[in-house]
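A closer look at the structure
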Amino acid sequence: MSFIKNNMAMSSMSGSMMSSSGMMVRSSHITRYHRCNGVGQYRCRGNNNIMVAASTWSRMMAHVASTSTSTSTSASTSTSASTSPTPTPATQSATSRSESSASFMSGAAIRQAFLDFYASHPELNHTLLPSSSLVPEDPTVLLTIAGMLQFKPIFLGQISAQETINTTRATTSQKCVRTNDIENVGVTARHHTFFEMLGNFSFGDYFKEQACFMAWQLSTEVYNIPPSRIHVSVFETDDEAYAIWTEKVGVDKRHVHRLGADDNFWAAGPTGPCGPCTELYYDFAPENGYDAIDLANDDDRFLEFYNLVFMEMNRAADGSTTPLERKCIDTGMGLERMAQVLQGVDNNYETDLLFPIIETMVQLMPSSSGDDMRAVYTTLDETTQRYLKVIADHTRASINLLSDGVLPSNVGRGYVLRRLIRRTVRCCRLIGVDASKAVEAAAETAFSLTGAAPGLEIPDPKKVQKELGKEVARFLETLDRGETLLMDVIAKAKADGADKISGNDAFVLYDTFGFPVDITSEVAAEHGLTVDMAGFEEEMEAQKSRSRKAVSAVDVTAAGAFGAVLESNGSTDFVGYEEVEAAGATVVGVFEVAEEDQEAMKANLKGSKKEKKQKVAKEEKEDSKQKAATGPPTKFKVVLDRTPFYAESGGQVGDRGLLMINNARWRVLDCQKAASGQLHVHDVTFDGLLGEPSVEKPTPPPASAQLEVGMVVDAAAVDATARRRITAHHSATHLLQSALKSVLGDELKQAGSYCDASRLRFDFSGPSVDGPLTPEQLAEVEALVNSWTTGSALPRTAREMPIKEASEMGATMAFGEKYGDVVRVVDFGQGVSVELCGGCHVENTAQIGLFRIVAETGIAAGVRRIEAVVGESAYEYLSTRDNTFSQVCGMLAAQPDEVVSRVGSMQKDSVSLNKELAALKEKMAELEASRILSESVTEAGNGAYVAASMDGTPAAALQTAAKFLLESVEAKLGGGDDDEPKPVCILLSSVLAAEEKLAFACAANDAAVKDRGLNAGKLVGAVAKVAGGGGGGKPNLAQAGGRDITKAGEALEKAREELAAAFDDQ
C-alpha cells in the first residue's frame, strides 16, 4: 500500500535539511498537504511559508535515511507488511517496530492518512465524502454532534445509500460541535466544543470482522502504534468480537476486556437500530501491568481513540430484538485524541491542531518575553493555561459555526455561538490582552489550521472575521453595561445589610446579560462583598440539566415509522407545481396521531375563530371526562404516492384542503415532509360523509369511512384560494430580497423567511445592517417592489439545472445552506430576482398586487426582520388602517391633513401640563413637609430626626420633600460649637393606594453619616424590607419601594426605632 508509505515516511524518520529558502528544517516538522489534483507538497509545521516540493522531499528523505538507518528499516518493514491487502496479525507485526511509543505525525497528516487508508486502497475502496455542515438537515438536532449524523436516514433504512451517495462504503472527516459539557473545556485533557471525527462507514456491506481488521491495521501499521500500547474493549456478551480480536487479529487476550452496556452497547433510542460496539484504547503506562485494569474509568492511563459500532439488531417496543437485514458499521476516531497520542503531548490542547492558537495568545500577553512561546506557556499558572485553552477551543468552534451560516443570537444555534464568543472575550480579558485584537489574531491563526479535507474549508474568512468582530464589540459594550448593573446589585445587597451577592443575582448577570461570574466576584470583593457561589452553581446546574435534555444524543428513531413507507413505495410524487387538484392517488401509509399530539393539529383548523376554538376545547374537555384516554383516534397522518399538497419547507407553509376517499371527506390541516424530505405527510381529520354537513369538532370516523393502505383517492384538492395568497406572499419575498440588496448592497444575506396566506416575513443581515432601516430606505424598498408588482407583469420561469450553472448565472443561495447537485432556479423578469427555491410561485408579478411593509424590527444582534402583506391582505390591512384613521379624525374634529399638527399641539400641551402638575405636587409636598417640620421633628443626641408619612406623595416628590426637610431642620437646629451642622436624618413614607405600593425616601447630612454611623441607603432598604420591598442608594440620599401597603405602619415604626437607636445620646 504505497499510500501508507507516502504518509508515514515523513513522520517516522528524524533528521534535518536545508529548505529552498535556506532555513534548516527538521523532518519531524514537515507535513504533507495533498491537493485535489493529486500533486503533493510539504509544509513546515509552525511556518506555513516554508513549502517543499515533492521532489525536494525525496532528496531530504534520502539524506535523512543515511543518518537514521534503524528508523528507515522500521519504516521499510512497515511498508513491506502493508503490501498485502489482508492486514498483518498483531503477533507478527509487533516484531518489526519499537514497542516504546507511536511515531510522531502532524494533525493534518493523521487526517490525511486516515482518509487515504480507506479511500485510496483499491481493496478497501471507500468513497471519500465531504463533511456535512454544522447546521444539520435533521430537525431533531440543534447542531452536528456526531460523525454519523449525515447518514442517519441511511442507517434508519429511510433512503438507500446506493441511490443517494452512490456507495455502500464511505469515509469522512466530520466537523462537530457539542456544548453540553462546556464547563469542562480547558479543565480536562480532551474536552472540546469543536472537534473532528474521522469515520469509516459500511451500509450493508462489510461487517464486524473486516471492520476490526481494518481498524487494527490503521492503528498499528499506518499510525505505528505498538500493539503493546493498545487495549480493546468488547461488549460483555459479544463472543464473536472477542474471538475476532484474540483469534483472528491476534491481539493478546490480556489486552481484550469485556465491558457492560453502559460502555459498549449502542442504541438509537428505546426502539430502532442497536448493537454492540468495540473500542480501541491507548495505554500511556503499560509498565503498570495488568492488575486492576479499568478502561472505563482510568482516564489518566487509558485514552479511547477509536470506536466501532456494529448495528446488527432492531429493538422493538417490547424490548425484543431481531437481526437487521442490512447490518451496518459506524465508526469514529477523534482527530484531536489521536494527535495527542502520536505527538506525545499531555493533552489535546498542546497538539499542532490547537497549540498555535495558544502560542498566538501567549505572544500578546504583556508578561511574555523571548521567542519560545511554548516555553513561556509552561511557566504560566494552571488558571491562565485554562483560559488559553478555552480561547483556542472556542475560537475554532466560533469560526466554523460562522462559516456554516450561524449568526449570534439569543436562541438556538445563535445562542450557542454567542456564548462561545463571549466566553472567549472573557478569557482574553482575564489573561490581560485586548479582546478585540486578541480574538481577531486567534481567528487568523485558526483559519490557517483548518483541514484540507472536503467540507472543512472556510471559504470566506473575511466574512467570518467581520461577523466575529461585530459580536466581540457588542459583548464589550455588554461588559460595560453589566458593570453598571452589577453596581446596582452591590448597592441593593449593601442596603439590605447583606455581605454577599445572591447566587440568583450572579446567575442572572451571567446568563441574561452575559456578565462573567469571575468579574462579578472580583468587583464584589472590591466592595467588601462575596458571591454566593453555591447558589450560583445550583442555578448553573439547573441550566446544564436543561441543556443536556435538549442536546444529549443523536435521536435516529424520530420519524422512523416513515422509513418503511419510503422503502416500499419510494418518494412522494409532488404534482402541485402544475395543479391544485389530483385524482387517482393511492394511500401508501396511514398513522394514528397520539392524543398528546392532537392539540397541535387542532390549532390548524381552517378559519378557526377564537370563540370556536374555545368552544371546541370546552366540549372536548367534557368529552374526555366521559371516555377513556384510549378512545377511537380522530387525527391521522396520511401518505399518498402522489399529491398536489405542498409540504412545508423553505419558509412556505404546508397546504390545506380536502381528500375525498370512497364515501368520506377528510380535511387536510397541514402537510409536512418526512423521511429526509422525500415523503409528503398529510395531517387529516374526518370531515364528514359525502352529501352530509362537515363535523364541527374532531370526530372518530364511522366504520364505513375507515382509512386503509391501498385505497384510491377520488380527489385530492388543495384550498385554491389559500394557495393563491400563499404563492403571492412567497413570490413577494423573493422580490423583497432583491429590493433590499438594491438599497442596502449585495452583501445582504437572508437569515430566515416565512410566508402564509395572510403575510410574509423576511429576516436578513449584512455589513450595512447595524440598526433599523431609515424611513427613506423602507420607502425606497417598498416603491421598488411595487414597481415590479403593480407597474409591470414580470414573467416567472422555474427550471432545474446543475448547481454550478445556477451559481454562474448569479442565483441567490442562502449562506451556509446545503444544496444537491441539481437545483430548482426561480427567475422573475429574467434577472430581477434569481433564487434557488423549491416553493410555489405566481405566474407573473402582476398576480402579487400591492406590496405594503407593515413592520421592521430587530430580532437579534445584527439581524433585522421585515413583515409585509400583499394583494388582498394588503387591501385588508389598509382598510383597517383607514377605518382607524377616520375614527381618530372624528375624535379630534380634524380633517385628515390637520391630524399631525393637531396631535403635535396636544403633545406640547401635555408636556407643559405634566411639568406644571409635577411642580404643584412638589409644592404640596413642601407644604406637607412644613407641617411635619412643626409637628414631627424629634431632637436627640445633639441632633434631630424625622420619621413621618406623606401618603399620596409620588416617589420623586417624596425625595424632594426629604431634602427640603433636611435643610429646614439643619437651619432650625443651627450649628454646633464649630459652626458645622448638627446630625440630621429624615425618613419619609408614602402610601400610593391607586398603585398598591409604598414609596420611601431618606436623606441624611454628613454629620449624621459620620457622627451617628447612619447610611441612608442601608436604612431605607431595611425599612422597605418590612413592607416586602427593597431599595438603596448613597449614604446621604436614597429611596426604596414596598409591595405591601398594609405594612406601612410597621415600616415607619422600624424607621423610628433605627433612628432612635442612632441618635441615642452617646
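If you're wondering where the values come from, they're calculated on a predicted model, not measured in any experiment. (Residues numbered from 1 in each chain as written. Predicted model: local features only at pLDDT ≥ 70, side-chain atom pairs only at ≥ 80, totals over all residues. Heavy atoms only, no water.)

1. Things to note about the packing of aromatic side chains
Rules: By convention, a stacked pair of Phe, Tyr or Trp rings (six-membered ring in the case of Trp) has centres within 6.5 Å and planes under 30 degrees apart, an edge-to-face pair has planes over 60 apart, and any other such pair is tilted. Only DSSP runs of H or I with at least four residues qualify as helices, and only runs of E with at least two residues qualify as strands; both kinds are numbered from the N terminus onward. Exposed residues in this analysis have more than 50% of their type's maximum accessible area, buried residues have under 20%, and partly exposed residues fall in between, with area computed by a 1.4 Å probe over protein chains only.
Overall, the coordinates contain 19 aromatic pairs when judged by the stated rule. Relative to Phe201, the ring of Phe151 lies with its centre 4.8 Å away and its plane at 55°, an arrangement referred to as tilted. Of the two residues, Phe151 is situated in the loop between β6 (127-128) and α6 (152-155) and Phe201 in strand β8 (residues 194-203); the sequence distance between them amounts to 50 residues. Taking relative accessible area as the criterion, Phe151 reaches 1% and is therefore assigned buried. The class of Phe201 is buried, set by a relative accessible area of 0%.

2. Structural notes on the nonpolar core
Counted only if it meets this: As used here, the term nonpolar core means buried Ala, Val, Leu, Ile, Met, Phe, Trp, Tyr and Cys residues forming a set that is joined through side-chain atoms within 4.5 Å. Note that domain bounds follow an automatic or database assignment of domains. Only heavy atoms matter for contacts: two residues are in contact if any of them lie within 4.5 Å across the pair.
If you look at the biggest cluster of nonpolar residues, it comprises 70 residues, and the most contacted ones within it are Ile358, Val362, Leu388, Leu401, Val425, Ile431 and Ile501. Domain assignment of the residues forming this core places at least three in each of domain 1 (107-349) and domain 2 (355-547). Among residues more than four places away in sequence, those in contact with Ile358 are Tyr349, Tyr377, Leu388, Lys389 and Ala392. Counting 48 residues, the second-largest nonpolar core is a separate cluster that includes Phe114, Trp216, Val249 and Met338.

3. A closer look at the packing of helix α5 (residues 107-119) against helix α11 (residues 335-343)
Stated formally: Axis lines are fitted through C-alpha atoms, for helices just across the contact stretch, and the angle between N-to-C directions can take any value from 0 to 180 degrees. Each crossing is labelled by how the near helix is turned from the far one, with a counterclockwise turn of less than a right angle marking it left-handed and a clockwise turn marking it right-handed. Gly falls in the polar group here, along with every residue not listed as nonpolar (Ala, Val, Leu, Ile, Met, Phe, Trp, Tyr, Cys, Pro) or charged (Asp, Glu, Lys, Arg).
α11 packs onto α5 with a crossing angle of 115° between their chain directions and a minimal axis gap of 9 Å. As for how α5 packs across α11, the hand of that crossing is right-handed. Within the contact between the two elements, α5 uses Gly107, Ile110 and Arg111 and α11 uses Leu335, Met338, Ala339, Leu342 and Gln343. Classifying every residue of the contact of α5 with α11 gives five nonpolar, two polar and one charged.

4. Considerations on the pattern of salt bridges
To be explicit about the condition: Note on definitions: salt bridges are taken to be side-chain nitrogens of Lys or Arg within 4 Å of carboxyl oxygens of Asp or Glu.
Per the counting criterion, the structure on display carries 35 salt bridges. Put simply, Asp763 and Arg865 hold a salt bridge, and the shortest N to O gap is 2.6 Å. Linking Asp763 in strand β27 (residues 760-765) with Arg865 in strand β32 (residues 863-870), this pair joins segments that are 102 residues apart in sequence. Like Asp763, the residue Arg865 is buried in the burial classification. Residues participating in the shared-partner salt-bridge network are Lys208, Asp238, Glu240 and Glu312.

5. Looking at the pairing of strand β10 (residues 256-259)
Filter applied, for reference: Strand pairing follows a simple DSSP-based rule, namely that at least 2 bridges must link the two strands. Crossovers are described as right-handed under a simple rule: with the strands pointing away from the observer, the path leading from the first strand over the helix to the second runs clockwise.
Pairing of strand β9 (residues 230-235) with β10 involves four bridges; the strand directions are parallel. Note that in β10 the partner of Val232 across the bridge is Val256. The parallel pair β9 and β10 is bridged by helix α9 (residues 239-249), and the resulting crossover is right-handed.

6. What to know about α11
Among the nine residues in α11, eight count as buried, and that is most of the element. Restricting attention to buried positions, one finds in α11 the residues Leu335, Glu336, Met338, Ala339, Gln340, Val341, Leu342 and Gln343. Against the buried residues of α11 lie α5, β8, β12 (272-283), β13 (302-315), β14 (321-334) and α14 (382-403). Downstream of α11 by one or two residues, Gly344 has phi in the positive range, about 65°.

It is worth stressing that arrangement in space is one thing and function is another; only the former is reported here.
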